[in-house]
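Residues per chain, in single letters:
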Amino acid sequence: MKTQAFTFDDDFDDPLVTIERDEEANENDLWFLPGPLEEEPNNLPPGPRAEPPDTAVIDDWAKAEGVHAARLARVAGRLGALDDRLLRGPEGWRHRLALIEAADLSWFAGDRVSSDRLALWISMRLSGAQDDPEALARVGWAVRRLTGSPGPKVDLAAFLDRRDPENIEDSAERLKDRAGGWLDVMAAAADLHPITRACMGFHLWSLAGLGHHGYQIEAAVTASRIAVDGGSGAIFAPLAMGGAGGLRASGLPFERLDRWLDGMDSAILTAMRHLDGIEVWGGRAKSAMAQLSGRTPVALHEVLTEWPLTSAPMAEALTGASRAAVQRNLARLEGKGLIREMTGQGRFRMWRIDI
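The structure presented is a predicted model; accordingly, all values stated were derived computationally and were not measured.

**Q** How would you explain the pattern of salt bridges if you had to name every residue and give the values?
**A** Per the stated rule, a full pass over the model turns up 13 salt bridges. The salt bridge involving Asp229 is made with Lys153; its shortest N-O contact spans 3.5 Å. Taken together, the residues span a long stretch of sequence, with Asp229 in the loop between α10 (215-228) and α11 (253-289) and Lys153 in the loop between α6 (133-147) and α7 (156-160) at a distance of 76 residues. Assessed through its relative accessible area of 56%, Lys153 is described here as exposed. Among the salt bridges present, the one from Arg340 reaches Asp354, with a minimum N-O distance of 3.5 Å. Here Arg340 is found in strand β2 (residues 339-341), whereas its partner Asp354 is found in the segment after β3 (350-353), with 14 residues between them in sequence. Connected through shared salt-bridge partners, Arg71, Asp258 and Asp262 make up one network.

Printed below as a string of structure tokens:
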């Protein structure tokens, strides 16, 4: 009996043994099954993306500060010279510069309060029929904050003198929260120079939800207080004297800081030149007023130094002298070439020192 030999075929290409590929082919014929997931188009809307933290913007301002480091040092040096000058000067110099800065800021913000209207409003609360009471209130707030009061870092809401309305909705974001967010970013930027931080804070003002009608004055005044960072002489850094081009909001951080430094540099030089003129005038006035008797000339000297424009009723209220004594001494000072009448009219006249 013969034994049948069995042989194993190792040819895997034989169609008789390609069972797995046959099953795959059969599955491809099942048209009602969904295709592979990777082949389907992604028609779903994009999901929410993680927003960068509020402090991420600080890096951009730090780079801008590095680009303008030399100019920043120069402007800081001039601001320090102004601080020393005001520290050694009379108190009226600070008040005078604050009035000029507030009036210039009002023109930048569109309120356009003139120096004479501002002087009458601050000294005697007098306004004309053509004056906007809200504009005067905003500029009056600016004068108060530029001449004193705690800085914005203590309590920003109190510094702004703003509060949420009593009937605010529960879903609305409150001023305290918005102010707190802005202060948190400013605190995180403590390594930046105060001038850079002031510029950053000014341009982040509206993004923090603090903007409303007239917010430009609030943002500029707050930034001007931050820029001095506890100066002993200068309470604020001038920003708008001689033009407010540095407050224009456009471009990248390094462009905005570039304009900011130019504007502050020009404003500080304008303030210094103004103080130079007042100092020279003060020497002339003392020698001329030494010939005048009474206490009214000395009191008028202080008022004329402190206020850019002065009227007879203002001088009467500020000095406590009689109207006749004030008018008589104003006429004498005008005759000596120390003051000039600016209105050119018979009534409601205003005088300023002749620098």
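Still more ground to cover, so stick around.
**Q** I'd like a description of the packing of helix α4 (residues 91-109) against helix α5 (residues 115-124), backed by residues and values.
**A** Packing of α4 against α5 leaves a shortest axis separation of 10 Å and a crossing angle of 120°. What the angle tells us is that α4 and α5 run oblique. Pair α4 / α5 crosses with right-handed handedness. Side by side, α4 and α5 meet where Leu99, Ala102 and Ala103 of the first sit next to Ser115, Leu118 and Ile122 of the second. Along the lines of polarity and charge, the residues of the contact of α4 with α5 split into five nonpolar, one polar and no charged.

**Q** Residues and numbers for empty space enclosed by the protein, please.
**A** For the coordinates displayed, the defined rule picks out two cavities of 30 Å³ or more. Reported here for the largest cavity is a volume of approximately 40 Å³. If you go around the largest cavity, the residues you meet are Leu86, Arg94, Leu97, Leu146, Gly233, Ala234, Ile235 and Phe236. A volume near 30 Å³ is recorded for the second largest cavity. Forming the walls of the second largest cavity are Leu99, Ser115, Leu118, Ala119 and Pro308. Ranked by the residues each element gives to the lining of the second largest cavity, the list is headed by α5, at three residues.

Analysis parameters
Residues numbered from 1 in each chain as written. Predicted model: local features only at pLDDT ≥ 70, side-chain atom pairs only at ≥ 80, totals over all residues. Heavy atoms only, no water. Salt bridge = Lys/Arg side-chain N within 4 Å of Asp/Glu carboxyl O. Helix = DSSP H or I, 4+ residues; strand = E, 2+ residues; numbered from the N terminus. Buried < 20%, exposed > 50% of the residue type's maximum accessible area, 1.4 Å probe, protein only. Axes fitted to C-alpha atoms, helices over the stretch in contact; angles between N-to-C directions. Parallel < 35°, antiparallel > 145°, perpendicular 65-115°, else oblique. Left-handed = near helix turned anticlockwise from the far one by under 90°. Contact = heavy atoms within 4.5 Å. Nonpolar A, V, L, I, M, F, W, Y, C, P; charged D, E, K, R; others polar. 1 Å grid on protein atoms, 1.4 Å probe; cavity = no way out; pocket = protein on both sides within 12 Å on 5 of 7 lines; lining within 4 Å. Points joined across faces, edges and corners; volume = space filled by probe spheres on them.

The values reported here are purely geometric and, on their own, carry no functional implication.
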